[in-house]
Amino acid sequence: MTGPTELPVADTVDVRSGPEVAPGLLSVLPLLGEWHGEGVLAGGGGDRRFGQWTRFAHDGRDFLAYESRTWLIGDDGRAGGPAARESGFWRPRGEDDVELLVTSPDGLIELYVGTARTTTSWELTSDVVARTPDAPETTRAVRLYGIVEGALMYAIDRAGADTPLRPTMSARLERLR
């Protein structure tokens, strides 16, 4: 097989091609696209640099499909292997409210509710966190996303049963398209 797989239903990261943008997406439309950059994982063993690719796409309905892949970056600046990976959906609800559903292969499922703070920033707090027995202990999480000077920046804080909310990862991503 050569080339990308063609599906009978269009999916796009661009408002200029593919299906028409649903009116309900206006509050999260600035996220639409592919983004790439670097960030920091904060952990008990010290901070680690990572690279990241993220995609926000739509198919004409009133949600954005979300996909994120990260990889560790060694002290020499070279890719050192896969790191966090997640996928989900951004679901605008009304003018400023938004829901975010996120799953990861670590066995963590998070449902966030939040609001648009401005036309290009969003604050989300976990409403439900479910996890498999071997998943990282997480009882609460907060995510902040914002587009600053054209770059997508975000921070994720998480808490466990016996630990307070603390930074876990943050990044600055530039738009690829």
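Described in the following lines is the structure provided in the data block. Keep in mind the model is a prediction, meaning the values are calculated, not measured.

Scoring rules and cut-offs
Residues numbered from 1 in each chain as written. Predicted model: local features only at pLDDT ≥ 70, side-chain atom pairs only at ≥ 80, totals over all residues. Heavy atoms only, no water. Helix = DSSP H or I, 4+ residues; strand = E, 2+ residues; numbered from the N terminus. Rg over C-alpha atoms; globule rule 2.2 N^0.38 Å. Pairing = 2+ DSSP bridges. Axes fitted to C-alpha atoms, helices over the stretch in contact; angles between N-to-C directions. Phe/Tyr/Trp six-rings, centres within 6.5 Å; stacked < 30°, edge-to-face > 60°. Buried < 20%, exposed > 50% of the residue type's maximum accessible area, 1.4 Å probe, protein only. Salt bridge = Lys/Arg side-chain N within 4 Å of Asp/Glu carboxyl O. Core = buried A, V, L, I, M, F, W, Y, C linked by side-chain atoms within 4.5 Å. Contact = heavy atoms within 4.5 Å.

Describing the overall build of the protein chain
Then, in step 1: In terms of regular secondary structure, the protein chain is built from zero helices and 10 strands.
Then, in step 2: Written out in order from the N terminus, the α and β elements of the protein chain read β-β-β-β-β-β-β-β-β-β.
Then, in step 3: For 177 residues, the compact-globule formula gives about 16 Å, and the C-alpha radius of gyration of the protein chain, at 17 Å, lands near that figure.
Then, in step 4: In terms of its C-alpha atoms, the protein chain occupies a principal-axis envelope of roughly 45 × 40 × 35 Å.

Looking at the sheet that holds strand E10 (residues 163-175)
Then, in step 1: Ordered by their spatial adjacency, 10 strands build a closed barrel running E1-E2-E3-E4-E5-E6-E7-E8-E9-E10, and the pairing between neighbours is antiparallel. The mean inter-strand angle of the sheet, taken between neighbouring strand axes irrespective of direction, is 25 degrees.
Then, in step 2: Judged from the nine bridges that link them, strand E8 (residues 140-148) and strand E9 (residues 151-160) form a sheet pairing that is antiparallel. Its bridge partner lying in E9, Ala 141 is registered against Arg 158.

Side note on the packing of aromatic side chains
Then, in step 1: Summed over the entire model, instances satisfying the criterion amount to six aromatic pairs.
Then, in step 2: Aromatic side chains Phe 56 and Tyr 66 sit 5.3 Å apart centroid to centroid with 35 degrees between the ring planes, which places their arrangement in the tilted category. A residue pair is termed long-range when its members are at least 10 positions apart, and Phe 56 in strand E2 (residues 48-57) and Tyr 66 in strand E3 (residues 64-73) qualify at 10 residues.
Then, in step 3: Its relative accessible area of 0% is what places Phe 56 among the buried residues.
Then, in step 4: Measuring from ring centre to ring centre gives 5.0 Å for Trp 90 and Tyr 145, while their planes differ by 80 degrees; the resulting arrangement is edge-to-face. Note that Trp 90 is positioned in strand E4 (residues 79-93) and Tyr 145 in strand E8, a separation of 55 residues in sequence.
Then, in step 5: Through successive ring pairs, a cluster of aromatic residues spans Phe 56, Tyr 66, Trp 90, Trp 122, Tyr 145 and Tyr 154.

Observations regarding the pattern of salt bridges
Then, in step 1: Using the criterion set out here, one finds 12 salt bridges in the structure.
Then, in step 2: Where Glu 99 meets Arg 91, a salt bridge forms, and the shortest distance between an N and an O atom there is 2.9 Å.
Then, in step 3: A residue is classified by how much of its surface remains accessible, and Arg 91, at 29% relative accessible area, is partly exposed.
Then, in step 4: It is possible to trace a salt-bridge network through shared partners that takes in Glu 86, Glu 110, Arg 143 and Arg 158.

Things to note about unusual backbone geometry
What is expected of a backbone is that most residues other than glycine have negative phi and most peptide bonds are trans.
Then, in step 1: Notably, Glu 149 is not glycine yet its phi reads approximately 50 degrees, a positive angle.
Then, in step 2: Mapped onto the fold, Glu 149 is located in the loop between E8 and E9.

Describing the nonpolar core
Then, in step 1: In this structure, Trp 90, Trp 122 and Tyr 145 are the most contacted members of the largest nonpolar core, which totals 27 residues.
Then, in step 2: Of all the elements in the fold, those that place two or more residues in this core are E2, E3, strand E5 (97-103), strand E6 (108-118), strand E7 (121-131), E8, E9 and E10.
Then, in step 3: Apart from residues no more than four positions distant in its own chain, Tyr 145 is found in contact with Tyr 66, Trp 90, Leu 100, Thr 120, Ser 121, Trp 122, Leu 124, Leu 152, Met 153 and Tyr 154.

Shape is all these values report; function is a separate question.
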